[in-house]
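Overview (structure and organization)
Chain by chain, the residues:
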Amino acid sequence: MALERFIGIDLAWALGGGRARPNETGVAVIDARGEVIDCGWTRGVDETADRIASVAGDGSSSLAFVDAPLVVDNPSGQRPCEREVGRRYGRWKVSANSTNLASPRAAGVLLLERLRSAGWRYDDGRGGPPGDGGALSECYPYTTLVGAPELGYPLQRPTYKRRPASVPTTRWRAVRAQVCDELIARLAALATADPPLRLTSHPVARRLLDEPTPEAAGAYKHREDLIDALLCAWTASLWARHGLTRCQVLGPGESDLRVPGADVATIIAPARTEQRRDDTRR
């Protein structure tokens, strides 16, 4: 069955524990016309998996993109796909956090396990977009921001998350909110893109346009998680629509693989020509 539903998950990497609740996870679902079918927030792996199940139907036409490490098998350092982010997008001031088997933030690995038990499968993307649904892949919204020309960041990522040294701490929250509102306006312009994203088609997504971005840290993070989930969903739609002509698969090449049949950690990333690999590996 053709892919018709695209699920984006901005997963909170930490699991919580003890008295601490997991941070919020943003979840967004769009269809092939860019209509936002569902969007909101969850907490914890179980609640997130249940939300995915509730919006995916039988999963036969759904593709899910997750902003979190799904496959982690390196004892230390960075995964190859994370190093590739820095190599390919570093000029745009995009890099990735390091993840390894010693990392305590394993929510993505657990989410993949939970969804596999429900019939989903991991897809590393090296063969292009899947031919049917029920597939789960890893993405990184920052690469979408600078790798998709539609969003209009040809030189560097927007400063809507990390404070640059040029912005004083006392001004950071106001600057961050302004940059976030500019990003939301660019997301709204995707209504006429190929594929489209129509923020005004869902009341929760529309509030991103109707209400200014708050400066308070908690309220700001609440909004940011939803924006990243929408970016993940749109990236999944872009991948399904244009495949390797608009995206690249970051991770090890065939010669780097050590365990036949094992999952390969990859990140599927929109890419301009100048951001692509300088070899033919997938």
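Let me begin by describing the structure that accompanies this report. (Residues numbered from 1 in each chain as written. Predicted model: local features only at pLDDT ≥ 70, side-chain atom pairs only at ≥ 80, totals over all residues. Heavy atoms only, no water.)

**Some points on the pattern of salt bridges**
Using the following cut-off: By convention in these notes, a salt bridge is any Lys or Arg side-chain nitrogen within 4 Å of a carboxyl oxygen on Asp or Glu. Note on conventions: DSSP H or I runs of at least 4 residues are helices, E runs of at least 2 residues are strands, and numbering of each starts at the N terminus. Burial status follows relative accessibility: with a 1.4 Å probe on protein chains alone, a residue under 20% of its type maximum counts as buried, one over 50% as exposed, and anything between as partly exposed.
Under the definition given, this model contains 19 salt bridges. One salt bridge connects E84 with R88, and the closest N-O pair in it is separated by 3.1 Å. One end of the pair is E84 and the other is R88, both in helix α2 (residues 80–89) and four residues apart, which spans about a single turn. The exposure classification of E84 matches that of R88, with both residues buried. A salt bridge links D181 to R223, with the shortest nitrogen-to-oxygen separation between them at 3.8 Å.

**Let's talk about the environment of W92**
What counts, and what does not: Every residue pair with non-hydrogen atoms within 4.5 Å of one another is taken to be in contact. Any pair of nitrogen or oxygen atoms within 3.5 Å is treated as a polar contact; in protein, a donor-acceptor pairing is required on top of that, and neighbouring residues in sequence qualify only through side-chain atoms on both sides.
Structurally, W92 can be placed in the loop between α2 and α3 (107–117). W92 sits in the buried class, given a relative accessible area of 2%. Along the sequence, W92 and L145 sit 53 residues apart, while their C-alpha atoms lie 9.9 Å from each other. Look past the residues within four positions of W92 in its chain and what remains in contact with it is V146, Y153, P154, L155, Q156, R157, E274 and Q275. There is a polar contact of 2.7 Å between the side chain of W92 and the backbone oxygen of P154.

**Comments concerning the packing of helix α1 (residues 45–56) against α3**
A pair of packed helices is characterised by two quantities: the angle between their axes and the separation of those axes. Which entries qualify depends on this criterion: Simply put, an axis is a line fit to the C-alpha atoms, just over the touching stretch for a helix, and the angle between two N-to-C directions goes from 0 to 180 degrees. To sort the angles, those under 35 degrees are grouped as roughly parallel, those over 145 as roughly antiparallel, those from 65 to 115 as roughly perpendicular, and the leftovers as oblique. Two helices crossing with the near one rotated counterclockwise from the far one by less than a right angle form a left-handed crossing, whereas a clockwise rotation gives a right-handed crossing.
The geometry of α1 relative to α3 is characterised by a closest axis approach of 10 Å and an angle of 45° between their N-to-C directions. Here α1 is positioned oblique relative to α3, judged by the angle of their axes. Seen along the crossing, α1 lies across α3 with a hand that is right-handed. For the pair α1 and α3, contact is made by V45, D46, T48, A49, D50 and I52 and by A107, L110, L111, R114 and L115, respectively.

**Comments concerning the packing of aromatic side chains**
Note the following rule: Working definition: a ring pair exists when centres of Phe, Tyr or Trp rings (six-membered ring for Trp) sit within 6.5 Å. Plane angles under 30 degrees give stacked, over 60 give edge-to-face, the rest tilted. In this scheme, the term charge over a ring applies when either NZ of a lysine or CZ of an arginine sits within 6 Å of the ring centre and within 35 degrees of the ring normal.
Taken as a whole and assessed by the stated rule, the structure comprises two aromatic pairs. Centroid distance Y140 to Y142: 5.8 Å. Interplanar angle 85°. Geometry classified as edge-to-face. The exposure classification of Y140 matches that of Y142, with both residues buried. Note on Y142 and Y160: the rings are 6.3 Å apart at their centroids and 80° apart in plane angle, and the pair reads as edge-to-face. Here Y160 lies in the loop between α4 (141–147) and α5 (169–188) and Y142 lies in helix α4, a separation of 18 residues in the sequence. On the basis of relative accessible area, Y160 is assigned to the buried category, the value being 1%. Taken together, the aromatic side chains of Y140, Y142 and Y160 make up a single cluster linked through ring pairs. Across the ring face of Y220, the terminal group of R176 is positioned such that the distance to the ring centre comes to 4.0 Å.

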